[in-house]
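Observations on the model geometry
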Amino acid sequence: MTAMTHKSAFVQTLMERGHYYQATDLEALDAAALESERGGRALTGYIGYDCTAPSLHVGSLTQIMLMRRLQQCGGKPITLMGGGTTKVGDPSDKNEARPVLTQEVIDANKASIQTVFSKFLTFGDGPRDAIMVDNAQWLDEVKWLDMLREIGKHFTINKMIALDIVKRRLDQEVPITFLEFNYMLLQAYDFLELSRRYDCNLQMGGSDQWGNIVQGVELCRRVDERHVLGVTQPLLMNAAGQKMGKTANGAVWLNADMLSPFDYWQYWRNVDDADVEPLMKRMTDLPLDEIARYAALGGSEINLAKIVLATETTAMLHGRGAAEAAKATAAAQFGGGGAEGGLPSIDLSEAPTSLAALFVAAGLVDSNGEAKRQAKGGGLRVNDAVVQDVTGPIPEALRDGQEVKLSLGKKRHLMVKLAG
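Residues take numbers from 1 onward in each chain, read along the sequence in its written order. With the structure being a predicted model, the display of local features is reserved for residues of pLDDT at least 70 and the display and counting of side-chain atom pairs for 80 or more, all residues being used for whole-chain, interface and lining totals. Values reported for side chains reflect all heavy atoms of the structure, with hydrogen atoms and water molecules removed beforehand.

Next up on the list: the overall build of the protein chain. For the protein chain, the count of helices and strands is 19 helices and 13 strands. Counting over 420 residues, the protein chain shows a buried share of 50%. Here, two residues are considered to be in contact whenever any of their heavy atoms come within 4.5 Å of each other. Of the contacts formed within the protein chain by residues at least 6 apart in sequence, a portion of 73% connects residues at least 24 apart. Using a 1.4 Å probe, accessible areas were evaluated by the Shrake-Rupley method; residue-level cover was limited to the displayed protein chains. For the protein chain, the computed accessible surface area is about 19500 Å², with 51% contributed by carbon and sulfur atoms. In DSSP terms, a helix is any run of H or I states spanning at least four residues, a strand is any run of E spanning at least two, and both are numbered starting from the N terminus. For every residue, the accessible area (1.4 Å probe, protein chains only) is compared with the maximum for its type, and the residue is labelled buried under 20%, exposed over 50%, or partly exposed between those bounds.

What follows is the structure, encoded as structure tokens:
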């Protein structure tokens, strides 16, 4: 299929923004998306997220953006929480078995990562609103012998060990447990249950999930004679072919309590020049013609595009205020334009209730707790005066409409005032 023959906005978007890698039936996907966009049967697609950590990371964000594209094009996204499959562990792209987590840890992780999705998707009761489902709802009720009789007979060991996710481990003589080996059955069963319960007709994911997705498509066909579809997108790689999503300090987490909005902004600001255009396409909603103008910048001007990339990605995740605060803090720390005296200035929409809340609103710290810790070490200052008690009120000068200088340590400074 050439670019000119894509009739649906969804498939066209996948192609233009670099989300497309392969599909089980691209022509059928294009037709289903077009029918959905014209008000017919909704193209209902899901992606699963296991609860292995308290936060998702940038690699997972590419999948959330894929669901966002689906909803933007009139489809219905299903966010599938892996409360059941996390008990097993996905062997995909792993060279060793994941540790077995307790139910308490799985529940805590699930509660923590659920908060991210509503920043990118519209949830509700409407026909095209996103919904969130937990596969523990059915997997916890599955009886082993019933599973073997209904599902197991449709999987051959020959095909399962030929899948890349298994073959790689076997070739490297890295053990794969029988527990992990069952993961692909459970993921395929998820698709079958979602197709029955929610008329789900599309599974999406990263290219490393291709084998599992195909198994689910085949299972739906064999058991219920349903023609469902699968599509994958490339993994998040840089121009050098290296997997993105990690820094010297660890993973690029999405939850602010694990990675501050400022550090998140800095991650995107520091990407390689060659990665700016593809990342703008996949990770922002900027129009393609605007992205093309940024991509045409040469020399040091590409840094302007990186600042836009960092600000737009941070705004989507943490809000426009946090993004602009991170941008201003970076300008103060590393140089650049700002308010009089060389410092950046930001406007706050409302008066914070305490000094701690003021530093949080300005983007210099992530929480009241961090403000308290910084103040205890003498790291916070207001108009160059060391803050002793962050529970105290904000300066009267700020309430009177004047600018106030806030400082974190010796290098991060900015001016704040109340808007209006």
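Attention shifts here to a nonpolar patch on the surface. By definition, no residue in a patch forms a salt bridge, and every one has over 30% relative accessible area; like charges are joined within 9 Å, nonpolar side chains (Val, Leu, Ile, Met, Phe, Trp, Tyr) within 5 Å. What counts as a salt bridge is simple: a side-chain nitrogen of Lys or Arg found within 4 Å of a carboxyl oxygen of Asp or Glu. Judged by side-chain polarity, Trp144, Leu145 and Leu148 come together as a nonpolar surface patch covering roughly 320 Å² of accessible area. With respect to the helices and strands, Leu145 occurs in helix α6 (residues 144-150). Relative accessible area serves as the criterion here: at 60%, Leu145 is assigned to the exposed category.

Across the sheet, which stays open at both edges, the 5 strands sit in the order β9-β13-β12-β10-β11 with mixed pairing between neighbours. Edge positions in the sheet fall to β9 (345-348) and β11 (385-386), since each has one partner strand and no second. Strand pairing follows a simple DSSP-based rule, namely that at least 2 bridges must link the two strands. In terms of strand pairing, strand β10 (residues 380-382) meets β11 through 2 bridges, oriented antiparallel. From the neighbouring strand, Val382 faces β11, where its bridge partner is Ala385.

With that settled, the discussion passes to the pattern of salt bridges. Following the criterion strictly, the structure yields 15 salt bridges and no others. The closest approach of N and O atoms between Arg221 and Glu218, which form a salt bridge, is 2.7 Å. Highlighted residues: Arg221 and Glu218, both in helix α11 (residues 210-224), separated by 3 residues, approximately one helical turn. Of the residues examined, Arg221 reaches a relative accessible area of 43% and is grouped as partly exposed. Accessibility expressed as a relative area gives 25% for Glu218, which makes it partly exposed. Asp384 is the partner of Lys405 in a salt bridge, and the nearest nitrogen-oxygen pair spans 3.1 Å.

A separate point is the pairing of strand β6 (residues 229-233). Counting buried positions along β6 yields 5 of 5 residues, so the element is predominantly enclosed. Along β6, one buried face is formed by Leu229, Val231 and Gln233 and the opposite face, lined by Gly230 and Thr232, is buried too. When strand β1 (residues 22-23) meets β6, the two strands line up antiparallel, connected through 2 bridges. Within the sheet, the bridge partner assigned to Ala23 lies in β6 and is Val231. In this structure, strand β5 (residues 202-206) lies alongside β6, joined through 5 bridges in parallel fashion.

Moving on, we come to unusual backbone geometry. With the exception of glycine, most residues fall at negative phi, and the peptide bonds are largely trans. For Asp199, which is not glycine, the phi dihedral falls at a positive 55 degrees. Relative to the helices and strands, Asp199 resides in the loop between α10 (183-198) and β5. Judged by its relative accessible area of 32%, Asp199 falls in the partly exposed class.

Counting residues in hydrophobic clusters, the biggest one holds 60 residues, and the most contacted among them are Phe10, Leu29, Ile64, Met204, Leu254, Tyr264 and Trp268. Apart from the residues within four sequence positions on either side, Phe10 is in contact with Leu29, Ala33, Glu37, Leu43, Leu66, Arg69, Leu70, Cys73, Leu202 and Met204. Counting 28 residues, the second largest nonpolar core, distinct from the first, contains Tyr183, Leu185, Leu186 and Leu219. The term nonpolar core refers to a set of buried residues drawn from Ala, Val, Leu, Ile, Met, Phe, Trp, Tyr and Cys, joined through side-chain atoms within 4.5 Å.

Note that every value here comes from positions in space, so none of it alone points to a role or purpose.
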